Amino acid sequence: MAGTSGTPGTGTPGTPRVLRAMNDRAALDLLLEHGPLSRTRIGKLTGLSKPTASQLLARLEAAGLVLATGTSEGRPGPNAQLYVVNPGAAYAAGLDVTPERIRAAVADVTGRTVGEFELATPGRRPAQPVVRQVTDTLDGAVKAAGLARGDIHRLVIGTPGAFDPNTGRLRYASHLPGWHSPALLDELAAALPMPVEYENDVNLVAIAEQRLGAARGHGDFVLLWNEGGLGAALVLGGRLHRGWTGGAGEVGFLPVPGAPLVRQVTKANSGGYQALAGSQALPQLARELGITEIPTGPYAEVAAALVATAADHTTGPRRLLEIYATHLATGLASLVSVLDPELVVLSGASLTAGGEPLRALVQAELEELAASRPRLVVGDVHEQPVLRGALESALATTRDEVFDTSR
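Residues numbered from 1 in each chain as written. Predicted model: local features only at pLDDT ≥ 70, side-chain atom pairs only at ≥ 80, totals over all residues. Heavy atoms only, no water.

Caption draft 1: The arrangement of the layout of surface pockets in detail. Space inside the largest pocket adds up to approximately 1,300 Å³. Forming the walls of the largest pocket are 46 residues, and the residues nearest its centre are His175, Trp225, Glu227, Gly228 and Gly229. Breaking the lining of the largest pocket down by element, the ones donating at least two residues are β5 (101–108), α6 (201–212), β12 (230–236), α8 (272–277), α10 (299–311), α12 (349–352) and α14 (385–402). Here the lining of the largest pocket is built from residues that sort into 20 nonpolar, 18 polar and eight charged. For the second largest pocket, the full set of lining residues is Arg25, Asp29, Leu32, Glu33, Arg211, Leu212, Arg216, Glu392, Leu395, Ala396, Arg399 and Asp400. Taken together, the elements giving at least two residues each to the lining of the second largest pocket come down to α1 (16–34), α6 and α14. In terms of residues, the lining of the second largest pocket owes the most to one element, α14, which gives five residues. A breakdown of the residues in the lining of the second largest pocket according to their chemical character gives four nonpolar, no polar and eight charged. (1 Å grid on protein atoms, 1.4 Å probe; cavity = no way out; pocket = protein on both sides within 12 Å on 5 of 7 lines; lining within 4 Å. Points joined across faces, edges and corners; volume = space filled by probe spheres on them. Helix = DSSP H or I, 4+ residues; strand = E, 2+ residues; numbered from the N terminus. Nonpolar A, V, L, I, M, F, W, Y, C, P; charged D, E, K, R; others polar.)

Caption draft 2: The arrangement of the sheet that holds strand β1 (residues 37–38) in detail. Sheet architecture is open: three strands sit in the order β1-β3-β2, paired in antiparallel fashion. Each of the sheet's edge strands pairs with one partner strand only, and the pair in question is β1 and β2 (66–71). Across four bridges, β2 lies against strand β3 (residues 81–85) in antiparallel orientation. Each bridged residue has a counterpart across the sheet, and for Thr71 the counterpart in β3 is Gln81. (Pairing = 2+ DSSP bridges.)

Caption draft 3: Region of the structure containing α6. Spanning twelve residues, α6 covers 16 Å between terminal C-alpha atoms, matching the ideal 16 Å at 1.5 Å per step. Of all twelve residues in α6, nine are buried, a share of seventy percent or more. Residues of α6 that are buried include every one of Asp201, Val202, Asn203, Leu204, Val205, Ala206, Ile207, Ala208 and Glu209, and no others. Between a side-chain oxygen at the N-terminus of α6 and the backbone nitrogen of Val202 the separation is 2.9 Å; the capping residue is Asn200. (Expected span 1.5 Å × (residues − 1). Buried < 20%, exposed > 50% of the residue type's maximum accessible area, 1.4 Å probe, protein only. Polar contact = N/O pair within 3.5 Å; in protein donor to acceptor, adjacent residues only side chain to side chain.)

Caption draft 4: Focus on the side chain of Asp164. Along the chain, Asp164 turns up in the loop between β8 (162–163) and β9 (170–171). Judged by its relative accessible area of 5%, Asp164 falls in the buried class. Among the polar contacts listed, one links the side chain of Asp164 to the backbone nitrogen of Asn166, at a separation of 2.8 Å. Those residues in contact with Asp164 that lie beyond four places of it in its chain are Arg169, Arg171, Trp244 and Thr245. (Contact = heavy atoms within 4.5 Å.)

This is the structure we're talking about:
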């Protein structure tokens, strides 16, 4: 930490205010990670003296950032008093947008979800303007949390494709009706009182896995997502790589062996890798293998059901899983050959349904197709990963702003 007395130590640059703010943030992060902590425990974890730790907690309590909550093991006295981050210090929200629905959630500053809402948006033409859809969905989650719209510190919206930072228009998502107006971002900014960020949905899944799941502690990884569409997120040097137009990771368009070469892919909204290994390809593959019991429903649900059945070693059609693994590895080989990541995370219902059997087959195939040998893992964040990533992204910035006591 910055020192044990709350003043600059030898060789440590900065003013006392900045050093206090550093210690404050360190204590708040520890409380977020560990839960209730005593003054003594915070002092040990930060290296601060007991008087300095006491001053720090008094300062944070006065600022409304921490709360006293009971004592350790019921023991009396100031040394046993426990402290937690004040959940009501700030709130953040996330939206997960698909062609079929918009889902919203609100979380307090500790990361606990306190309100959720879902709005169905079926049809090729939106029944109401996108701005109204967004505000209605957000308001539904805010109301469920017992809050007002103005209580939300920051909102992150996840969509398929990406908003081009050069033009402000949504690209790579022609299947998302109503979201392509050049004035949309300005209209949303006018309707919403909080700062709003926009992020690709697969990138948000990668954020969720990096903060909470299988990619924790990894600064270089690729996340391959296969659900409604096939996409990837690229994390290089600990940071998302979005590309010049926000389209990094749009691997559904990637030309690959074994699939027709598609020209004008953005107009066709398809590509080689999507046709070879996307969820839409699984029912046809099953028919070619003579599988007659093919469920009906959305592609992602059908594909997940087929893969889950194939992964069952007692009754599953193993050949389906083997061919699917080869198709997945064909596109992954190009990615890992260029990026040489430490890790590949398999996520989305069409991949996680295969579990360890599918992961092992893809790993074996990839080791024969590419010189790079990243480790493959199945994603850990299964419950609404796009929405969870949106919340984690919004919370990270919210905490940086709310926890800054140097101002």
